[in-house]
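Listed here are the chains, written in short residue letters.
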Amino acid sequence: MNVKQTIGARIKSKRIELGMSQTELAKKVGYTADSSKSTIAKIEQGLRELSRSKIPLFAESLHLSIAELLGIEEEPLAKKIDKSIGARIRARRIELGL
């Protein structure tokens, strides 16, 4: 599965989970009525790339972060804090010669 197909599958899965039709999603993200269902179908099948300007609209409409929509793993804040504290402790130990 390529990136477009993976993102498309994620969009379809979340849309269905929310009980939303392709037409409803198309309206929420600003596609015109003439091609709306077809456009969403092509995106979900990975046949059409999601335009950059539409990414935030898709994310908001599907109640996802942009990272979740695109499948980008964000490092949790707690893990970032743990790393920061760990680095400070190591630096302090070095200063103290421990």
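Above this text sits the structure in question.
Residues numbered from 1 in each chain as written. Predicted model: local features only at pLDDT ≥ 70, side-chain atom pairs only at ≥ 80, totals over all residues. Heavy atoms only, no water.

Engineer: Report on the overall build of the chain, specifying residues and quantitative values.
Structural biologist: Scanning the chain from N- to C-terminus turns up 6 helices and 0 strands. In sequence order, the secondary structure elements of the chain are arranged as α-α-α-α-α-α. Split into buried and exposed, the 98 residues of the chain put 30% on the buried side. A fraction of 52% describes how many contacts in the chain between residues 6 or more apart in sequence connect residues 24 or more apart. Counting only carbon and sulfur atoms, one obtains 53% of the accessible surface of the chain, whose full area is about 7000 Å². (Helix = DSSP H or I, 4+ residues; strand = E, 2+ residues; numbered from the N terminus. Buried < 20%, exposed > 50% of the residue type's maximum accessible area, 1.4 Å probe, protein only. Contact = heavy atoms within 4.5 Å. Areas by Shrake-Rupley, 256 points an atom, 1.4 Å probe, with all protein chains shown as cover.)

Engineer: With reference to specific residues and values, describe the pattern of salt bridges.
Structural biologist: In total, this model carries 2 salt bridges according to the counting rule given. Notably, a salt bridge pairs Glu17 with Lys14, separated by 3.1 Å at the nearest N-O pair. One end of the pair, Glu17, and the other, Lys14, are both in helix H1 (residues 3–17), 3 residues apart, so they sit about a helical turn from each other. We classify Glu17 as exposed; its relative accessible area is 57%. Residue Lys14 is classed as buried on the basis of its relative accessible area of 16%. Across the pair Glu44 and Arg15 runs a salt bridge, and its minimum N-O distance is 2.5 Å. Linking Glu44 in helix H3 (residues 36–44) with Arg15 in helix H1, this pair joins segments that are 29 residues apart in sequence. Pair check on accessibility: Glu44 and Arg15 agree, each one buried. (Salt bridge = Lys/Arg side-chain N within 4 Å of Asp/Glu carboxyl O.)

Engineer: Got a sec to walk through unusual backbone geometry? Specific residues and values, please.
Structural biologist: In this structure, His63 takes a positive phi of about 60 degrees despite not being glycine. Structurally, His63 can be placed in the loop between helix H4 (55–61) and helix H5 (66–70).

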